Amino acid sequence: MFEGTMVDTSKAVNEFMAERGWQRRACSACGKLFFSKPSSRRDVSTCGRHQCDKGTYPFRTYSKRKKMLTPGQISAKMSEYFHSVGFDLVLPLNVANPKGQTDLVIAGVQMFDDIIHRNQQIRDDNVFVAQPCVRMQFQSHVESQEGTSTSFVNVCTEKMGATFSEHLQSVDHWCTVLSKLGLHMNDFTIVMRTSVNDWGTGTFSALELFFCYGGLELGDAAYVLIPQPDRPAIPISDIGFGLERVAWAINKTDSYFDTLMPWTATGTREMFDSCRTMALLLLCGVQVANKGSGLQFRRFAKVLGEKYYGADVYNILAYYFDYWAQFIKPSINREVAIRRARLEIERFVNLKICEALQLPPPRNETTEAYLDRLVYTCNANIYELRQVIETCKT
C-alpha cells in the first residue's frame, strides 16, 4: 500500500468517524490518534489502551446486562447478525496448520493462506467465522497479566478484494453488533495507526483501528494490500475480535477467567489456560511430537505434569474439550483425547520419579501403571515411591 493510498484511507476514516459523531483526539501518553464520542464517560486525554490507561480495567465498573451471556451465545448472536446483512458463515480451520505459515492457526484471516501463498483463485465473498486460535507468545504472561490466554476464539469478518468503503461498511456492522450486545459506542475509544507487515510475500502497510473498551482491547479492523509475485496486490478487509474478551466486557466479572473455568474448580490461571489450550489441540487431533504443533502440545503437558500433578486436570480437560466442541468439530472422541493427555502429562511425572530414585525408565504408560511395574516387577520400595509422589504434587 503506497503512501498516497495511506493518506487517502486515513482521510476516509476521519470522515467516516465524524459522520457518526466521533471526535478525533491525540493520546497524551503514546501520541496515537484515536476517536471517542463527545458523551464518553472516561477521561479522553489518553487513547484507552491498557498500557495508557494506568494498567486498570475500568470497564468492570460500567453498567452491565441483567443477564450474563456465555461465549457460545455471543458467537451465535454475532453469526445471526452478520448472516442477516449478507455475510456467509464458514466453518473454522483445524488449529493444527501443517501447510500454513505458522505451526498453529493464530487468526481467522489464515483462511486465505492458499490464495495468498499458493496463487489460488481470489474469492470475493463476505464471510464471518468463529476461528479457534492459539498464540504461544502469551504463555509466559497468562499468570501475571489479566485478560490473557494462549487460546481464544477469533470472531471475524473477512473480505478479499474489498474496497476501502466496503471495509468501513464492515466496521459499521461491528459497531452495530457490539451495541446490540450491550457494549455501547459511548464507552469505546477507537485507536488508529498504520503499521508495516510481511506475511511472506513482501512488505505492505496496513491501516488499523483498535477497539478499546474501558482499558480492554477487544479487537481490530485492518485494511491491507497483500503483495503478490505474479498478479496485482490483493486488498483484504480483516476485522477480528477476541470472543472471550468480548464476553468479559459484556459480563464485567472481576477476572477474565471467571466464566472460562468450571464453577467448582479452583487453581491458577496458568493451570486453566494450559488445560484450555491442550484440550483444543487434542480436539484437533494434535499428537505429541518434537516439532510443530506436537511440540506445543508437549509444552502444555510439561506445565501440567511438573506443576499441577494431583489437581483435577483430567476433568478440567474434559470440560474444555466440550467448550471447544461448540466451535470446531472434534476429530477425536473425548475419552481417547483425555487418555492421550494423561499419558503425556504423566510422562513428566514418571521421569521425575525415575530420576529421584534411580529406577528403570518409564514406558508410554500412566503413573499408576509405572508404579505398579516398579513395585511388582522391580521390587521398588512402596514407601519411597509414595514419598516421591507427594513431592510431585507440591
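Residues numbered from 1 in each chain as written. Predicted model: local features only at pLDDT ≥ 70, side-chain atom pairs only at ≥ 80, totals over all residues. Heavy atoms only, no water.

A. Expanded view of the pairing of strand β1 (residues 23-26). Of the pairings in the sheet, the one linking β1 to strand β2 (residues 33-36) comprises four bridges and is antiparallel in character. Residue pairing in the sheet places R25 in a bridge with F34 of β2. With antiparallel pairing between neighbouring strands as the criterion, β1 and β2 make up a hairpin whose turn holds six residues, including G31 at a positive phi of roughly 85°. (Pairing = 2+ DSSP bridges. Helix = DSSP H or I, 4+ residues; strand = E, 2+ residues; numbered from the N terminus.)

B. Expanded view of the pattern of salt bridges. Counted according to the given criterion, the structure contains 15 salt bridges. With a shortest N-O distance of 3.4 Å, R20 and E19 are connected by a salt bridge. For R20, a relative accessible area of 31% puts it in the partly exposed group. A residue is classified by how much of its surface remains accessible, and E19, at 64% relative accessible area, is exposed. Measuring nitrogen to oxygen at the nearest pair gives 3.0 Å for the salt bridge that ties E346 to R342. (Salt bridge = Lys/Arg side-chain N within 4 Å of Asp/Glu carboxyl O. Buried < 20%, exposed > 50% of the residue type's maximum accessible area, 1.4 Å probe, protein only.)

C. Expanded view of the sheet that holds strand β8 (residues 216-226). In space, the nine strands of this open sheet follow the order β1-β2-β6-β7-β8-β9-β5-β4-β3, with mixed pairing throughout. The open sheet is flanked by β1 and β3 (88-89), the only strands paired with a single partner. Where β2 and strand β6 (residues 188-198) come together, four bridges link them in antiparallel fashion. In the sheet register, F35 faces β6, and the bridge partner there is I190.

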